[in-house]
Amino acid sequence: MTVTFSAPELETERLILRAPDLSDFDAFAAFYASPRASFVGGPLSRELSWRSLALEAGHWVLRGFGRWTVIEKETKATVGIVGLWHPEGFPENELGWDLFDGATGKGYATEAGRAARDYAYGTLGWTTLTSLIAVGNDGSRRVAERLGASYDRDFTHERFGDMQVWRHPGPEACG
Amino acid sequence: MITLTGTPTLRTERLTLRAPQPQDAPTFIEFYKTDRSQFVGGPMNDRQGWNFFCTEIGHWVMNGFGMFVVTYHDDDTPLGIVGHWYPNTWPEKEVGWVLFDAKHEGKGIAFEAARACIDHAWHTLKWDTIVSYIAHGNDASVALAERLGALRDETAEDPGKEAYVYRHPRPAA
């Protein structure tokens, strides 16, 4: 018996955004074991990475939205996880992006982030959207800037520490 | 609305075992805030409990099986969570059990639910082995494992926590 949940699939020029599943585990665990995960709660052991990937799937069922696994169309490679996120302990709905090693510098976070934001404003009817960015995560801050977001306020997360809330342009501005 | 599909429901004499649903989250989270959860990963705060409940649901997506919420047939109140647990990094697949409230103990609920899950693991999921990992000091759980016919396996690997490994004997074919 196959257990699934009905997450929508999104497509952009270069990327497919689909629901996370077990086939993402190796790429997800490699990212969360790497120093690059230090801004998003890592590094994590393989077991904690597994639990975290399961959490990504469960978040969809609890909240009705979540983050998508991002696939590069040309190579079919799993390049990251991007989407809409609001676990307990977050101040507002957020748009988050984690790009895996080797996938940065191509504009993928911006491309996937824009598609996820359009889905939030268009399909879900949200009126505002933030991104939480750990202090010092300059790569992520630059993605927020490219998406037109601006600094809103400081926020301290129980586990991730000092962060900044960046606020995206609203639905009208994103057209 | 995003729903989980394809999950089975098991029925025993008194109990319904169904996949966890969003409405079960508050009971799960409240349990994990209490000392009753000390042998099963707790206690934990709201944030951690919420994350863990998401992982319980996501486990079904990852593996096609997972932990069931246990209720009486005619009352959807969650009594506990019993079922199949296998983070894919663990040495073996587990049947595990938790009753949320002490008032549900002593009625054979965990026994009845766990026995159904053991049958399901052998006959439907076709597992090769079944263990239960039981934290040191969890005497009630050890007693239940023994009533289920499981035997302590001193040589089996545990998944990196301070736990006894109880092995459920394969039924005669």
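Please refer to the structure placed before this passage.
Bear in mind that the values here come from a model prediction, so they are computed numbers and not experimental data. (Residues numbered from 1 in each chain as written. Chains lettered and ligands numbered in written order. Predicted model: local features only at pLDDT ≥ 70, side-chain atom pairs only at ≥ 80, totals over all residues. Heavy atoms only, no water.)

K.L.:
What is the right way to read the pairing of strand 9 (residues 161-167) of chain A from this model?
P.N.:
Look at any regular strand and the pattern is simple: side chains alternate between the two faces of the sheet. Residue and element names in this part refer to chain A. Bridge analysis of strand 7 (residues 130-134) against strand 9 gives 5 bridges, and the strand direction is antiparallel. Among the inter-strand pairings, Ala134 is bridged to a residue of strand 9, identified as Met163. The pairing of strand 8 (residues 150-157) with strand 9 spans 7 bridges and is antiparallel. By the bridge assignment, Asp154 is partnered in strand 9 with Gln164. Between strand 8 and strand 9, which pair antiparallel and follow one another directly, the connecting turn spans 3 residues. (Pairing = 2+ DSSP bridges. Helix = DSSP H or I, 4+ residues; strand = E, 2+ residues; numbered from the N terminus.)

K.L.:
Just checking my understanding: could you explain the nonpolar core for this structure?
P.N.:
Side chains of a nonpolar character, in soluble globular proteins, are inclined to be buried together. Phe5(A), Trp68(A), Leu84(A), Trp97(A), Leu4(B), Leu17(B) and Trp97(B) are the most contacted members of the largest nonpolar core, which has 103 residues in total. Looking at which element gives the most residues to this core, the answer is helix 3 (residues 109-123) of chain B, with 9 residues. In contact with Leu17(B), other than residues within four places in its own chain, are Pro8(B), Thr9(B), Leu10(B), Thr12(B), Phe68(B), Val69(B), Val70(B), Ala113(B) and Cys117(B). Core analysis: the next-biggest nonpolar cluster, separate from the first, contains 13 residues, Tyr32(A), Leu44(A), Leu53(A) and Ala54(A) among them. (Core = buried A, V, L, I, M, F, W, Y, C linked by side-chain atoms within 4.5 Å. Buried < 20%, exposed > 50% of the residue type's maximum accessible area, 1.4 Å probe, protein only. Contact = heavy atoms within 4.5 Å.)

K.L.:
Would you mind going over the interface of chain B and chain A with me for this structure?
P.N.:
Often the size quoted for an interface is simply the accessible area lost on bringing the parts together. Taken together, the contacts link 34 residues of chain B with 34 residues of chain A. Taken over both partners, the interface formed by chain B and chain A buries close to 2,900 Å², and the fraction arising from carbon and sulfur atoms is 68%. Of all residues in chain B, the largest losses of buried area upon contact with chain A belong to Ile2(B), Trp50(B) and Met62(B), amounting jointly to 29% of the total for that side. At the surface where chain B touches chain A, the tally comes to 1 salt bridge. Between Glu158(A) and Arg47(B) there is a salt bridge; the shortest N-O distance is 3.0 Å. The tally of links between chain B and chain A comes to 6 residue pairs in polar contact (both at pLDDT 80 or more). Of all elements in the fold, only strand 1 (4-5) and helix 2 (46-63) of chain B reach the threshold of two or more residues within the side of chain B that touches chain A. Here the residues of the side of chain B that touches chain A are counted per class, giving 19 nonpolar, 13 polar and 2 charged. When strand 1 (residues 4-5) of chain A meets strand 1 of chain B, the two strands line up antiparallel, connected through 2 bridges. Bridging from a neighbouring strand, Thr4(A) pairs with Thr5(B) of strand 1 of chain B. (Buried area = accessible area lost by both parts, 1.4 Å probe. Salt bridge = Lys/Arg side-chain N within 4 Å of Asp/Glu carboxyl O. Polar contact = N/O pair within 3.5 Å; in protein donor to acceptor, adjacent residues only side chain to side chain. Nonpolar A, V, L, I, M, F, W, Y, C, P; charged D, E, K, R; others polar.)

K.L.:
I'm lost on helix 3 of chain B in this one. Help?
P.N.:
The periodicity of an α-helix, 3.6 residues per turn, causes residues three or four positions apart to be oriented the same way. Residue and element names in this part refer to chain B. The end-to-end C-alpha distance of helix 3 is 21 Å, a good match for the 21 Å that 15 residues give at a rise of 1.5 Å each. Counting buried positions over the 15 residues of helix 3 gives 12, a clear majority of the element. All of the buried residues along helix 3 are Ile109, Ala110, Phe111, Glu112, Ala113, Ala114, Ala116, Cys117, Ile118, His120, Ala121 and Trp122. As for helix 3, its buried residues are in contact with strand 2 (10-11), strand 3 (15-18), strand 4 (67-72), strand 5 (75-85), strand 6 (94-99) and helix 4 (139-147). (Expected span 1.5 Å × (residues − 1).)

K.L.:
Sorry if this is basic, but what is going on with the side chain of Thr69(A) here?
P.N.:
Counting through the fold element by element, Thr69(A) comes out in strand 4 (residues 67-72). Excluding residues within four positions of it along the chain, Thr69(A) makes contact with Ile16(A), Leu17(A), Arg18(A), Ala19(A), Pro20(A), Asp24(A), Thr78(A), Gly80(A) and Ile81(A).

K.L.:
Even after reading the chapter, I still don't get the environment of Val40(A), so can you show me in this structure?
P.N.:
Residue and element names in this part refer to chain A. Note on placement: Val40 falls in the loop between helix 1 (25-33) and helix 2 (46-63). With relative accessibility at 24%, the residue Val40 sits in the partly exposed group. It is 8.3 Å that separates the C-alpha atoms of Val40 and Asp98, two residues lying 58 residues apart in sequence. In contact with Val40, other than residues within four places in its own chain, are Phe31, Tyr32, Asp98 and Phe160.

K.L.:
When you look at the packing of helix 2 of chain A against helix 2 of chain B in this model, what are you seeing that I'm missing?
P.N.:
The relative placement of two packed helices comes down to the angle between their axes together with the axis-to-axis distance. Where helix 2 of chain A meets helix 2 of chain B, the axes come as close as 6 Å, and the angle between the chain directions of the two elements is 95°. In this view, helix 2 of chain A runs roughly perpendicular relative to helix 2 of chain B, as classed from their interaxial angle. Across the interface between the two elements, Trp50(A), Arg51(A), Leu53(A), Ala54(A), Leu55(A), Ala57(A), Gly58(A), His59(A), Val61(A), Leu62(A) and Arg63(A) of helix 2 of chain A pack against Trp50(B), Asn51(B), Phe52(B), Phe53(B), Cys54(B), Thr55(B), Ile57(B), Gly58(B), His59(B), Val61(B), Met62(B) and Asn63(B) of helix 2 of chain B. (Axes fitted to C-alpha atoms, helices over the stretch in contact; angles between N-to-C directions. Parallel < 35°, antiparallel > 145°, perpendicular 65-115°, else oblique.)

K.L.:
Looking at this structure, how should I read the packing of helix 1 (residues 25-33) of chain B against helix 2 of chain B?
P.N.:
All names here are of chain B. Put simply, helix 1 and helix 2 touch, their axes get as near as 9 Å, and they point 125° apart. In terms of their interaxial angle, helix 1 and helix 2 are classed as oblique. Where helix 1 crosses over helix 2, the handedness of that crossing is right-handed. The segment helix 1 lies against helix 2, with Ala25, Phe28, Ile29, Tyr32 and Lys33 engaging Asp46, Gly49, Trp50, Phe52, Phe53 and Glu56. Tallied by class, residues from the contact of helix 1 with helix 2 come to 7 nonpolar, 1 polar and 3 charged. (Left-handed = near helix turned anticlockwise from the far one by under 90°.)

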